[in-house]
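Summary of structural features
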Amino acid sequence: MIPLSPERKPALVPEPDIGAKRYFLWTIGCQMNEAESAKAGAMLRQAGYQPAHREDEADIIIVNSCVVRQQAEDKVAGKVGSLARLKRANPDIKIALTGCMVTKQEEALQKRFPHVDLFYGPSEFEKLTQLTPELGEIDVDLAELPHYYEDTENETGISAFVPIIYGCNFVCSYCIVPYRRGREISRPFNEIVNEVTEMASRGVKEVTLLGQTVNAYGHDLPGDVELSDLLLAVNDIDGIERIRFLTSHPKYFTDRLIDTMAACDKVCEHVNLPVQAGDNDVLRRMRRTYTVEHYRDRIQRIRDTIPGVTLSTDIIVGFPGETAEQFEGTMELLRDIRFEKVHQAMYSPRPGTLSARWEDEVPADEKKRRHQEIEKLQTEVSAELNQRHDGEVLEVLVDGKQRGRWRGRSRGNTLVFFDAPGDWLGQTVNVRVTEPMTWYLLGEIHEPARI
Ligand code: SAH
Ligand code: SF4
């Protein structure tokens, strides 16, 4: 998962009908949280609720939390704490807290946030009926609700996240995710294929298949089914134009998966493969179960097989005991591979994890220095890689409008903006890059790629 997106702003929300009950969603963290918030929103809409512009206009507020790092946890605590005032002013308002902060922590949280009406863990949607009797009244068949309805980021419904596997069977020594999301559970193959088919019929053009270790998909299912089989099946669904998947673990990035990516025309040429560190001793203490050599070999195989592929990764800086030399190993890896994007975070000890018991923490200012060093390198690399697109014509799927410009992504996952009259939402257009910036590209319409 891409770490820590900033909390989502409410999207373009239509004016609710007079008298309709309203909900407000506040979400932080990974794409899985976004997908689960969207599902909660869909359930509430089915029960007659409408989205609110602001939390003080809502009848029910759902806070979807993340605790992968202290910073995220602090933001959630701040948000939930601030809702106490609202609850005092309007005791009828219902507040629910969900996400990774909740798992096995309900008692402590009840004491800490007595103004919260309901705590429910990730995916425990049925508990929402305790707050919204309407869900029970209309006899919503919770099990049959599709897992994702629309893109929470822009509500345009062009691009959708589809959780395919929950939980994680790895035990990376720094990571709280397995403790809060449990062991891997893959969704049934046909259920996913049917859901994506249904999404396509409603106009969804791009799906991103989600899991903490998405390429462990199927390991717990009977038979030999794996992510490659799912990609092949989703590739055959009419109406779907693009397929992405997140987040992959280097251990399971098999030759078959790489060959399948290359063989499926709808699977985009982009791989997010978190390495976390560029030193074998650090990787061993992180319990990542692979070496730098294995990682480099996978990247080489990906690049040899998928022409024009773009790459992104996750890095943790300042892992306990990480020496300057070991950090240099990470820098060397980043300089060699030249990722389009690096999601980096300073190590944050998480209670209950193995590494939280280790004392040799890297001092905060040194962590910060390493963070800045990567940022400087990556700003240069990203700008240089984007520069290469100057004058190129890229296929862009338009998924929204931002500050008056049309916005979309290339197949390689680069953000592209262009100005043009007319309605391009949901269309795949050829855009000629006129001005490459560090983190995005500006361009002009070349011609519609498909009619
Ligand atoms: N399953 C994915 C990552 C899930 S957590 C993987 O294996 O890579 C998302 C990201 O948060 C991780 O890639 C890691 O870079 C970061 N992260 C997780 N725990 C962290 C911690 N304790 N401190 C700092 N960053 C952390
Ligand atoms: Fe956390 Fe490791 Fe699982 Fe990723 S693979 S979710 S980092 S335990």
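Residues numbered from 1 in each chain as written. Chains lettered and ligands numbered in written order. Predicted model: local features only at pLDDT ≥ 70, side-chain atom pairs only at ≥ 80, totals over all residues. Heavy atoms only, no water.

**Some details on the side chain of Arg244**
Position of Arg244 among the secondary structure elements: in strand β10 (residues 242-246). Residue Arg244 is classed as buried on the basis of its relative accessible area of 9%. In terms of polar contacts, Arg244 uses its side chain to reach the side chain of Glu206, at 2.9 Å. A polar atom in the side chain of Arg244 sits 3.0 Å from the backbone oxygen of Arg411. (Helix = DSSP H or I, 4+ residues; strand = E, 2+ residues; numbered from the N terminus. Buried < 20%, exposed > 50% of the residue type's maximum accessible area, 1.4 Å probe, protein only. Polar contact = N/O pair within 3.5 Å; in protein donor to acceptor, adjacent residues only side chain to side chain.)

**Here we look at the site of ligand 1**
The environment of ligand 1 is made up of 17 residues, and the closest members are Gln212, Gln276, Arg288, Asp314 and Ser348. Side-chain polar atom of Gln276 to an oxygen atom of ligand 1: 2.7 Å apart, as the coordinates give it. About the coverage of ligand 1: the protein hides 95% of its 530 Å² of free accessible area. For the shell around ligand 1, the elements supplying multiple residues, two or more each, are β12 (310-317) and β13 (341-346). Among the residues making up the shell around ligand 1, the classes are represented as nine nonpolar, four polar and four charged. Counting residues domain by domain, the shell around ligand 1 receives three or more from each of domain 2 (156-268) and domain 3 (302-387). (Near = heavy atom within 4 Å. Areas by Shrake-Rupley, 256 points an atom, 1.4 Å probe, with all protein chains shown as cover. Nonpolar A, V, L, I, M, F, W, Y, C, P; charged D, E, K, R; others polar. Domains from an automatic or database assignment.)

**Considering the nonpolar core**
Membership of the largest hydrophobic core comes to 69 residues, with the highest contact counts inside it found for Ile164, Val207, Leu209 and Phe245. Shared between two domains, this core takes at least three residues from each, and those domains are domain 2 (156-268) and domain 3 (302-387). In this view, Leu209 contacts Val162, Ile164, Val214, Leu227, Leu230, Leu231, Ile243, Arg244, Phe245 and Leu246; residues no more than four positions away in its chain are not counted. Judged by nonpolar contacts, the second largest core, of 26 residues, contains Trp26, Cys66, Val67 and Ile176. (Core = buried A, V, L, I, M, F, W, Y, C linked by side-chain atoms within 4.5 Å. Contact = heavy atoms within 4.5 Å.)

**Notes on the pattern of salt bridges**
Charged atoms that come close allow side chains of opposite charge to pair. With the rule as written, the count across this model stands at 31 salt bridges. Note that Asp56 is salt-bridged to Arg54, the shortest N-O span being 3.0 Å. For Asp56, a relative accessible area of 43% puts it in the partly exposed group. Arg54 sits in the partly exposed class, given a relative accessible area of 46%. Note that Glu124 is salt-bridged to Lys127, the shortest N-O span being 3.0 Å. Its relative accessible area of 26% is what places Glu124 among the partly exposed residues. Judged by its relative accessible area of 23%, Lys127 falls in the partly exposed class. Ionic contacts of the salt-bridge type, sharing partners, join the residues Asp255, Asp259, Asp297, Arg298 and Arg301 into one network. (Salt bridge = Lys/Arg side-chain N within 4 Å of Asp/Glu carboxyl O.)

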